[in-house]
Amino acid sequence: MEHIAALLFVVGCSSTMTDCRELQVPVSVFETEQACTAERPFALGDLQGQAPHIVGKCLTVDPALEDDYDRIAWNVRPDGTLVASLEVSGMLVALNSVRPEKDYLKQQ
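All values reported here derive from a predicted model rather than from experimental measurement. (Residues numbered from 1 in each chain as written. Predicted model: local features only at pLDDT ≥ 70, side-chain atom pairs only at ≥ 80, totals over all residues. Heavy atoms only, no water.)

Undergrad: Mind laying out the overall build of the protein chain, listing which residues take part and the relevant values?
TA: Summing up its helical and strand segments, the protein chain has 1 helix and 6 strands in all. Shown N-terminal to C-terminal, the secondary structure of the protein chain runs as helices and strands in the order β-β-β-α-β-β-β. The buried share of the protein chain, reckoned over its 108 residues, is 27%. Long-range pairs, those at least 24 residues apart, make up 56% of the contacts in the protein chain between residues at least 6 apart in sequence. (Helix = DSSP H or I, 4+ residues; strand = E, 2+ residues; numbered from the N terminus. Buried < 20%, exposed > 50% of the residue type's maximum accessible area, 1.4 Å probe, protein only. Contact = heavy atoms within 4.5 Å.)

The structure is reproduced here in structure tokens:
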């Protein structure tokens, strides 16, 4: 099984940088951060024309949390800087609110 060390996250924004959305890239996960960094300019170039401003960032993946990450928190600043991080939103708790009726044994 291959481990993921980095995720390429790309965002396209309007010319005023006020309306931004995630953009899909053909390859978004990498075994090394260096591979992600090397691919980033090519991926951004391939997406030219999909938005006036395109920014991307390689996000480090902690191998211990690889299966737990469930969201990307991101923001694009007015100067075009992408701030993004992988996050674990919290613990999921399962609860069964239906309690079975107790089956009391009657003493005879």
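Undergrad: Go over the state of the cysteines with me, naming the residues and quoting the values.
TA: All told, the structure shown has 2 disulfides when counted by the stated rule. Across the disulfide, C13 is cross-linked to C20 (sulfur-sulfur distance 2.1 Å). Between C13 and C20, the S-S dihedral sits near 110°, and the bridge is therefore right-handed. Numbered in order of appearance, the disulfide-bonded cysteines of the protein chain are paired 1-2, 3-4. (Disulfide = S-S within 2.5 Å.)

Undergrad: Residue-level account of the pattern of salt bridges, with values.
TA: With the rule as written, the count across this model stands at 1 salt bridge. Between E87 and R71 there is a salt bridge, with the nearest N and O atoms lying 2.8 Å from each other. With E87 in strand β6 (residues 82–87) and R71 in strand β5 (residues 71–76), this pair connects stretches of sequence that are 16 residues apart. (Salt bridge = Lys/Arg side-chain N within 4 Å of Asp/Glu carboxyl O.)

Undergrad: Give me the lowdown on helix α1 (residues 33–46), citing residues and values where you can.
TA: Relative to the 20 Å expected for 14 residues at 1.5 Å per residue, α1 spans 20 Å between its end C-alpha atoms, a close match to the ideal helical length. Approximately 35° is the largest bend angle found in α1, and it occurs at R40, with the proline P41 only one to four residues beyond. Those residues of α1 lying buried are C36, A43 and L44. In the core, the buried residues of α1 are packed alongside β1 (6–13), β3 (29–30) and β4 (53–60). (Expected span 1.5 Å × (residues − 1). Bend = angle between axes of the 7 residues up to and from the residue.)

Undergrad: Describe the environment of W74, listing the residues and the values that go with them.
TA: Inspection of the secondary structure assignment puts W74 in strand β5. The exposure class assigned to W74 is partly exposed, which follows from its relative accessible area of 28%. Excluding residues within four positions of it along the chain, W74 makes contact with F9, V11, C20, R21, E22, L82, V83 and A84.

Undergrad: Could you give an account of unusual backbone geometry, with specific residues and numbers?
TA: Even without glycine at this site, M17 takes up a positive phi of about 65°. By the secondary structure assignment, M17 is in the loop between β1 and β2 (20–23). We classify M17 as buried; its relative accessible area is 12%.

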